[in-house]
Amino acid sequence: MKLNVVSRILDANERLAEQNRELFRKHNVFVVNIMSSPGAGKTTLIEKTIRALNGKIKAGVIEGDIQGTADAERIGSLGVPVVQINTGGACHLDANMIKEALPGIPLADIDLLIIENVGNLVCPAEFNVGEHAKVMLLSIAEGDDKPLKYPLMFQESKALVINKTDLKPYLDVSVDKIRKDSLSLNPSLEIFEVSARNSDGISGWMDWLSGHIHKDS
Ligand code: MG
Ligand code: ZN
């Protein structure tokens, strides 16, 4: 019985995700859904991404957090449209939350919508919100065992951004193992190594993102 209930929730979510996707298609907006554990650097990556876009590609951002507006304030200070969703306890974003946030985003004026999911390595991967690509962000400080422990996050993503590479000298972590295990779960995963903090390696990520805008949307 429990299984029936769960699958009905996911069916309803999928219908709403398709409505969102239709809206994105109509406005030719490429949508990425960035997922990671708390503290991996999602907001910093988004800040650096928006700075690197330099206004040439117009972006909007939806921030997902259980509580608070700190991330939306950081992004809003860059002058891009941003909506903060407070899930009030829910540990992931779903398609209905995105649908309700969309009136706050001027879709006709943007090329790229970045959704920052709630920090969590489990259920964000289970919910489509209408995005064109899920992107997994893993900081090397979390350890190289994460791909095999949380496989769905890596399987559902089109790109993996490995962050905080500047911390490598201080950590017993194998970036090669992260790469190898991630690719064993998802051979078509695009992998980028960055330090969002100082923008090292960000150009590969920016090329991937720019390459999809106005193509996949
Ligand atoms: Mg954040
Ligand atoms: Zn959840």
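As a reminder, the structure under discussion sits directly above these lines.
Residues numbered from 1 in each chain as written. Chains lettered and ligands numbered in written order. Predicted model: local features only at pLDDT ≥ 70, side-chain atom pairs only at ≥ 80, totals over all residues. Heavy atoms only, no water.

**Q** Which parts of the structure should I look at to understand the overall build of the protein?
**A** Scanning the protein from N- to C-terminus turns up eight helices and seven strands. Taken over the C-alpha atoms alone, the protein extends approximately 50 × 45 × 35 Å along its principal axes. In the protein, buried positions account for 51% of the 217 residues. Contacts in the protein between residues far apart in sequence, at least 24 positions, make up 73% of those at least 6 positions apart. When the accessible area of the protein is evaluated, it comes to approximately 10000 Å², of which 52% is carbon and sulfur surface. Where the 24 positive side-chain charges of the protein centre and where its 29 negative ones centre are 1 Å apart. (Helix = DSSP H or I, 4+ residues; strand = E, 2+ residues; numbered from the N terminus. Buried < 20%, exposed > 50% of the residue type's maximum accessible area, 1.4 Å probe, protein only. Contact = heavy atoms within 4.5 Å. Areas by Shrake-Rupley, 256 points an atom, 1.4 Å probe, with all protein chains shown as cover. Lys, Arg positive; Asp, Glu negative; His and termini not counted. Charge placed at Lys NZ, Arg CZ, Asp CG, Glu CD.)

**Q** Can you help me understand the coordination of the magnesium ion (ligand 1) in this one?
**A** The protein atoms donating to the magnesium ion (ligand 1) are Thr43 (OG1), Asp71 (OD) and Glu116 (OE), with metal-donor distances spanning 2.1 Å. Sequence positions of the residues that donate to the magnesium ion (ligand 1) give the spacing T-x27-D-x44-E. On the criterion of sequence distance, the pair formed by Thr43 in helix H2 (residues 42-53) and Glu116 in strand E4 (residues 112-116) is long-range, its members being 73 residues apart. The residues Thr43 and Glu116 share a single accessibility class, namely buried. (Donors = N, O, S within 2.8 Å, 3.2 Å for Na, K, Ca; no water.)

**Q** Would you mind showing me how to read the packing of aromatic side chains here?
**A** When we look at a pair of aromatic rings, we describe it by the centre distance and by the angle of the planes. One pass over the structure, following the stated rule, counts four aromatic pairs. Here the aromatic rings of Phe30 and Trp208 are separated by 6.5 Å at their centres, their planes lie at 65 degrees, and the arrangement is edge-to-face. Taken together, the residues Phe30 in strand E1 (residues 30-35) and Trp208 in helix H8 (residues 202-212) connect sequence positions 178 residues apart. In this structure Trp208 comes out as buried when scored by relative accessible area, which is 8%. By way of ring pairs, the aromatic residues Phe30, Phe192, Trp205 and Trp208 are connected into one cluster. (Phe/Tyr/Trp six-rings, centres within 6.5 Å; stacked < 30°, edge-to-face > 60°.)

**Q** Explanation requested: the pattern of salt bridges in the structure shown.
**A** All told, the structure shown has 13 salt bridges when counted by the stated rule. We note a salt bridge from Glu131 to Lys134, for which the minimum N-O separation is 3.1 Å. The residues Glu131 and Lys134 share a single accessibility class, namely buried. Sharing partners across several salt bridges, the network here consists of Glu14, Glu18, Arg21, Glu22 and Arg25. (Salt bridge = Lys/Arg side-chain N within 4 Å of Asp/Glu carboxyl O.)

**Q** I keep staring at the side chain of Glu116 and nothing clicks. Help me out?
**A** Although Glu116 is buried, it forms no salt bridge, and the closest oppositely charged side chain is Lys42 at an N-O distance of 4.2 Å. Of note is the side chain of Glu116, whose polar atom sits 2.9 Å from the side chain of Thr43. Not counting chain neighbours up to four residues away, the residues in contact with Glu116 comprise Ile34, Lys42, Thr43, Ile46, Ile62, Glu63, Gly64, Asp71 and Leu93. (Polar contact = N/O pair within 3.5 Å; in protein donor to acceptor, adjacent residues only side chain to side chain.)

**Q** Any chance you could explain the pairing of strand E7 (residues 190-193) here in plain terms?
**A** Along any regular strand the residues' side chains alternate between the sheet's two faces. Note: strand E6 (residues 159-163) against E7, four bridges, orientation parallel. Of the residues in E7, the one forming a bridge with Leu160 is Ile191. Taken together, E6, helix H7 (residues 175-185) and E7 form a β-α-β motif whose crossover is right-handed. (Pairing = 2+ DSSP bridges. Right-handed = clockwise from strand over helix to strand, strands pointing away.)

**Q** How should the nonpolar core be read in this particular structure?
**A** A general feature of soluble globular proteins is that nonpolar side chains tend to end up buried together. Among the nonpolar cores identified, the biggest contains 28 residues, and Val32, Leu45, Leu112, Trp205 and Trp208 are the most heavily contacted of them. Listed by contribution, the elements that provide at least two residues to this core are E1, H2, strand E2 (59-65), E4, strand E5 (133-139), E6 and H8. Examining the composition of this core, we find that five residues originate from one element, H8, more than from any other. If near-sequence neighbours (up to four positions away) are discounted, Trp208 is found in contact with Val32, Ala133, Val135, Lys158, Ala159, Glu190 and Phe192. Formed by 18 residues, the second largest nonpolar core is a distinct cluster that contains Val83, Ala101, Leu113 and Val129. (Core = buried A, V, L, I, M, F, W, Y, C linked by side-chain atoms within 4.5 Å.)

In short, geometric facts, not functional conclusions.
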